[in-house]
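Here are the chains, one letter per residue:
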Amino acid sequence: MQLTGKQKRFLRSNANQLRPIFSVGKNGLNDVWLKEVAQAVDKRELVKVSIQQSADVAPADVKAFIEANSDIQVVQTIGKTVLLFHESSQPNHRDISHGVYQL
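These remarks concern the structure in this document. Predicted model only: the values in this text are computed from it and were never measured. (Residues numbered from 1 in each chain as written. Predicted model: local features only at pLDDT ≥ 70, side-chain atom pairs only at ≥ 80, totals over all residues. Heavy atoms only, no water.)

This part is about the pairing of strand E2 (residues 46-51). Here is the key point about a regular strand: its side chains alternate between the two faces of the sheet. With respect to burial, E2 is a largely interior element, six of its six residues being buried. Side chains of E2 alternate between two faces, with Leu46, Lys48 and Ser50 and Val47, Val49 and Ile51 buried alike. Pairing of strand E1 (residues 22-24) with E2, which is carried by three bridges, proceeds in the parallel orientation. When the sheet's bridge partners are listed, valine 24 is paired in E2 with isoleucine 51. With helix H2 (residues 31-44) bridging E1 and the parallel E2, this β-α-β connection has right-handed handedness. (Buried < 20%, exposed > 50% of the residue type's maximum accessible area, 1.4 Å probe, protein only. Helix = DSSP H or I, 4+ residues; strand = E, 2+ residues; numbered from the N terminus. Pairing = 2+ DSSP bridges. Right-handed = clockwise from strand over helix to strand, strands pointing away.)

So, in structure tokens, the structure goes:
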């Protein structure tokens, strides 16, 4: 499902207080890293990922890798921070997605 502008704005406002819980370093992007990120997104629905200065990848590369290899949607990229969203598979973890789909 493609997010509308209002839905992205809602997610950005909820992510304003969040700190990045994952980072991309010199090891780059791989399937193990993506699996860990997907598990965190399934539990939290909204996750920030930071890209370290030593990383050999750009935010556009991270966005393309995540969207090509998973169902996670990249909501926003600001500098070296990427904001990710996906509806949780567990109904008791769907706090943010209820607000998103009401818009």
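Attention shifts here to the packing of H2 against helix H3 (residues 59-69). Interaxial distance between H2 and H3 falls to 11 Å at its minimum, and their mutual angle equals 75°. Relative to H3, H2 is oriented roughly perpendicular. Of H3, the residues touching H2 (which contributes Asp31, Trp33 and Leu34) are Val62, Phe65, Ile66 and Asn69. Across the contact of H2 with H3, the residue classes break down as five nonpolar, one polar and one charged. (Axes fitted to C-alpha atoms, helices over the stretch in contact; angles between N-to-C directions. Parallel < 35°, antiparallel > 145°, perpendicular 65-115°, else oblique. Contact = heavy atoms within 4.5 Å. Nonpolar A, V, L, I, M, F, W, Y, C, P; charged D, E, K, R; others polar.)

With that settled, consider the layout of surface pockets. Put simply, the largest pocket is a space of about 170 Å³. Taken together, Met1, Gln2, Lys8, Lys63, Glu67, Ser70, Asp71, Ile72, Gln73, Val74 and Val75 make up the full set of residues lining the largest pocket. When contributions to the lining of the largest pocket are tallied by element, the ones reaching two or more residues are H3 and strand E3 (73-78). It is E3 that contributes the most residues to the lining of the largest pocket, three residues altogether. Broken down by class, the residue content of the lining of the largest pocket amounts to four nonpolar, three polar and four charged. (1 Å grid on protein atoms, 1.4 Å probe; cavity = no way out; pocket = protein on both sides within 12 Å on 5 of 7 lines; lining within 4 Å. Points joined across faces, edges and corners; volume = space filled by probe spheres on them.)

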